[in-house]
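Letter by letter, the chains look like this.
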Amino acid sequence: TRAARISLANDNAADYFISVHADGADGNTTTGSHVIYPDSSDATLTADCSELATDIFSSYTVVAVESNSPKKDVRGLQVLGGSNKTKRKVLLELGFVTTPSDARALYNNVDNAATQLKNGLVLNIKKHF
């Protein structure tokens with residue numbers, strides 16, 4: 001569950017929390033990827049998470065990144081909320097599984113996507129550790 005993943009991160013004082021998803025929408029024409037970070041009153045948290053969001057998608061090319069990404073969380077997503085004490089946390093939407101072109105790109109490039117996301121994470125880690 002989401003709550004169990006948050007507890008695991010909190011109990012282990014995780015440095016990073018990255019929730020990986022594929023979007024879905026009615027119809028089959030919506031396309032694109034994006035990354036979401038917390039909208040917090042804590043300016044340091046927002047800056048750290050925004051930076052991670054930018055870094056982690058800096059080399060992601062499997063599905064085109066939406067022009068307004070990264071995005072602040074305006075929906076109050078549980079994994080990005082206050083109960084998650086991780087300093088750097090983001091939610092990735094890698095594309096739309098309900099759109100044939102995105103689904104095909106994700107399926108055919110899963111290893112490439114993993115490598116690209118890892119490279120973005122390593123970029124962020126090198127800045128802070």
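Worth saying up front: this structure is predicted, and the values here are computed from it rather than measured.

Reading the values: the criteria
Residues numbered from 1 in each chain as written. Predicted model: local features only at pLDDT ≥ 70, side-chain atom pairs only at ≥ 80, totals over all residues. Heavy atoms only, no water. Helix = DSSP H or I, 4+ residues; strand = E, 2+ residues; numbered from the N terminus. Rg over C-alpha atoms; globule rule 2.2 N^0.38 Å. Salt bridge = Lys/Arg side-chain N within 4 Å of Asp/Glu carboxyl O. Buried < 20%, exposed > 50% of the residue type's maximum accessible area, 1.4 Å probe, protein only. Expected span 1.5 Å × (residues − 1). Contact = heavy atoms within 4.5 Å. Polar contact = N/O pair within 3.5 Å; in protein donor to acceptor, adjacent residues only side chain to side chain. Axes fitted to C-alpha atoms, helices over the stretch in contact; angles between N-to-C directions. Parallel < 35°, antiparallel > 145°, perpendicular 65-115°, else oblique. Left-handed = near helix turned anticlockwise from the far one by under 90°. Pairing = 2+ DSSP bridges.

Undergrad: Any chance you could explain the overall build of the protein here in plain terms?
TA: Check the secondary structure of the protein and you find four helices and four strands. Tracing the protein from N to C terminus, the helices and strands come up as α-β-β-α-β-β-α-α. For the protein, whose C-alpha radius of gyration is 14 Å, the value lies close to the compact-globule estimate of 14 Å for 129 residues. Along the first, second and third principal axes, the C-alpha atoms of the protein reach 40 × 30 × 25 Å.

Undergrad: Whenever I open this one, the pattern of salt bridges confuses me. Can you help?
TA: Any two side chains of opposite charge can pair, given that their charged atoms come close. Applying the stated rule across the entire model yields five salt bridges. Salt-bridge contacts for Glu51 lead to Lys127; the nearest nitrogen and oxygen are separated by 3.7 Å. Of this pair, Glu51 sits in helix H2 (residues 43–56) while Lys127 sits in helix H4 (residues 110–128), and the two are 76 residues apart along the sequence. A relative accessible area of 24% means that Glu51 is categorised as partly exposed. Look at Lys127 and you get partly exposed, because its relative accessible area is 43%. The salt bridge partner of Glu66 is Lys71, with a shortest N-O separation of 2.8 Å. On the basis of relative accessibility, which here comes to 23%, the residue Lys71 falls in the partly exposed class. In the salt-bridge network here, residues are joined through shared partners; they are Glu51, Asp55 and Lys127.

Undergrad: I would appreciate a short explanation of H2 in the present structure.
TA: Because an α-helix completes one turn every 3.6 residues, residues spaced three or four positions apart along the sequence face the same direction. For H2, built from 14 residues, the straight-helix expectation of 20 Å at 1.5 Å per residue is met to within 8% by its first-to-last C-alpha distance of 20 Å. Here H2 has its buried residues at Leu45, Thr46, Asp48, Cys49, Leu52, Ala53, Asp55 and Ile56. Looking at the buried side of H2, the elements it contacts are strand S1 (16–23), strand S2 (34–37), strand S3 (71–72), strand S4 (88–96) and H4. Its side-chain oxygen at 3.0 Å from the backbone nitrogen of Thr44, Asp42 defines the N-terminal cap of H2.

Undergrad: I'm lost on the packing of H2 against H4 in this one. Help?
TA: In helix packing, the relevant descriptors are the interaxial angle and the interaxial distance, both defined with respect to the helix axes. Between H2 and H4, whose axes approach to 7 Å, the crossing angle comes to 140 degrees. Compared by their axis directions, H2 and H4 come out oblique. As for the relative orientation of H2 and H4, their crossing is right-handed in sense. Here Glu51, Leu52, Asp55 and Ile56 of H2 come into contact with H4, specifically with Gln116, Leu117, Gly120, Leu121, Leu123, Asn124, Lys127 and His128.

Undergrad: Would you mind showing me how to read the pairing of S4 here?
TA: Within a regular strand, the side chains alternate between the two sheet faces. Of all nine residues in S4, nine are buried, a share of seventy percent or more. The pairing of S1 with S4 spans seven bridges and is parallel. Considered in S4, the bridge of Val20 is made with Leu92. In this sheet, S4 lies alongside S2 in antiparallel orientation, the contact comprising three bridges. By the bridge assignment, His34 is partnered in S4 with Glu93.

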